[in-house]
Amino acid sequence: MPENQPMNPEDFLWNANQFSKVDKVIAVASGKGGVGKSLVTSMLACSAAKEGKNVAIMDADVTGPSIPKSFGLHNQLQAIEGVGIEPAETKLGIKVVSMNLLLEDEEAPVVWRGPVVAGVLQQFWQDVDWGNVDYMFVDMPPGTGDVPLTVYQSLPVDGIVVVTTPQDLVKLIVKKALNMAQMMNVPILGVIENMSYLECPDCGKKISVFGSSKAEEVAKELGVPVIAQLPINPKIAMGVDEGDIEAIDVPEVNEAFANIEKQVEKE
């Protein structure tokens, strides 16, 4: 294949589980770790669930799973013969499948090579009884390696959201993630800038802790929208630590989901 020529993901799509009907698949990606991608995934799923959608999260960060922690999920997943693996459910009814829910010791490291990880993702898609899902959010691992390639090729991804933070280094790496999505012919829904600012609780002034925002600059260069700029909020961190992210309401995330919904429902 000539260099940089778009690929057709439909050539590699996995068949869905026979008991599942997943309408929209949204991948949440980043060029690097530490930008809050899993947090954004969790909060988008919460916003969708609060809107009355049937929501699921596939934790595709197999070697670094963190989604269950945000929702206080610890019990191991169970399989029903002839049906498949039953996903865990959060208080809002969000269905979750993660490697951490399959390990006897959730602190045990997952030391696997790429082909094994890809096989796990295939099981997450084909062997899990997801039921009827309006929106499935796929929490991607950082970078542009095996797992993003597998997800973009093998799942019917309706679009990706790229998470970034204000630093210049992150801007460079985010461009790699966006360019990969374009090469894979996957729609880019937009950019969410996390940790964009801190709002002073006394005067309301917005403080750029990590430098001035780069979101608009990156989005303009690549022709994609900025769908949210999320503040640093200690209440969110506390919600994750307590496994109760669903109790935290973030207006900017609600607006981001509304923007995503508007884009994918047009198709």
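Since this is a predicted model, take the numbers as computed values, not measurements.

Here is what the cut-offs are and how they apply
Residues numbered from 1 in each chain as written. Predicted model: local features only at pLDDT ≥ 70, side-chain atom pairs only at ≥ 80, totals over all residues. Heavy atoms only, no water. Axes fitted to C-alpha atoms, helices over the stretch in contact; angles between N-to-C directions. Helix = DSSP H or I, 4+ residues; strand = E, 2+ residues; numbered from the N terminus. Left-handed = near helix turned anticlockwise from the far one by under 90°. Contact = heavy atoms within 4.5 Å. Nonpolar A, V, L, I, M, F, W, Y, C, P; charged D, E, K, R; others polar. Buried < 20%, exposed > 50% of the residue type's maximum accessible area, 1.4 Å probe, protein only. Pairing = 2+ DSSP bridges. Patch = residues over 30% accessible without salt bridge, like charges linked within 9 Å, V, L, I, M, F, W, Y side chains within 5 Å. Areas by Shrake-Rupley, 256 points an atom, 1.4 Å probe, with all protein chains shown as cover. Salt bridge = Lys/Arg side-chain N within 4 Å of Asp/Glu carboxyl O. Lys, Arg positive; Asp, Glu negative; His and termini not counted. Charge placed at Lys NZ, Arg CZ, Asp CG, Glu CD. Parallel < 35°, antiparallel > 145°, perpendicular 65-115°, else oblique. Phe/Tyr/Trp six-rings, centres within 6.5 Å; stacked < 30°, edge-to-face > 60°. Lys NZ or Arg CZ within 6 Å of the ring centre and 35° of its normal.

Caption draft 1: Just the packing of helix 3 (residues 114-126) against helix 4 (residues 146-154), in detail. One can describe the packing of helix 3 onto helix 4 by two numbers: an axis separation of 10 Å at closest approach and a directional angle of 35 degrees. Relative to helix 4, the crossing made by helix 3 is right-handed. Contacts between helix 3 and helix 4 involve Gly114, Val117, Ala118 and Leu121 on the former and, on the latter, Asp146, Val147, Thr150 and Val151. The residue inventory of the contact of helix 3 with helix 4, partitioned by class, reads 5 nonpolar, 2 polar and 1 charged.

Caption draft 2: Looking closely at the pairing of strand 1 (residues 21-29). Most of strand 1 is tucked away: 7 of the 9 residues are buried. One ladder, built from 7 bridges, connects strand 1 with strand 7 (residues 132-139); its direction is parallel. If you follow valine 22 over to strand 7, its bridge partner there is valine 133.

Caption draft 3: The arrangement of a negative patch on the surface in detail. A cluster of like negative charges, contributed by Glu104, Asp105, Glu106 and Glu107, occupies part of the molecular surface. If you trace the backbone, glutamate 107 turns up in the loop between strand 6 (95-97) and helix 3. Residue glutamate 107 is classed as exposed on the basis of its relative accessible area, which comes to 72%.

Caption draft 4: Quick look at the packing of helix 1 (residues 37-50) against helix 8 (residues 251-265). Contact pair helix 1 / helix 8: the axes reach a minimum separation of 9 Å and the direction vectors enclose 75 degrees. The angle between helix 1 and helix 8 falls in the class roughly perpendicular. Touching Met43, Leu44, Ser47 and Ala48 of helix 1 are Val253, Asn254, Ala256, Phe257 and Ile260, all from helix 8. Of the residues in the contact of helix 1 with helix 8, the class split is 7 nonpolar, 2 polar and no charged.

Caption draft 5: Summary view of the packing of aromatic side chains. Inspection of the entire model under this criterion finds 3 aromatic pairs. With a centroid separation of 5.2 Å and 75 degrees between ring planes, the pair formed by tyrosine 135 and phenylalanine 257 is classed as edge-to-face. Highlighted residues: tyrosine 135 in strand 7 and phenylalanine 257 in helix 8, separated in sequence by 122 residues. With respect to class, tyrosine 135 is no different from phenylalanine 257; both count as buried. One residue, lysine 206, lies across the ring of tyrosine 197, its end atom 4.6 Å from the ring centre.

Caption draft 6: Looking closely at unusual backbone geometry. Here the phi dihedral of asparagine 185 falls at roughly 65 degrees; this positive angle occurs in a residue that is not glycine. Summarising the element assignment, asparagine 185 is placed in the loop between helix 5 (168-183) and strand 9 (188-199). The residue methionine 195 is not glycine, and still its phi comes out positive at about 55 degrees. Mapped onto the elements of the fold, methionine 195 is located in strand 9.

Distances and angles like these do not, on their own, reveal function.
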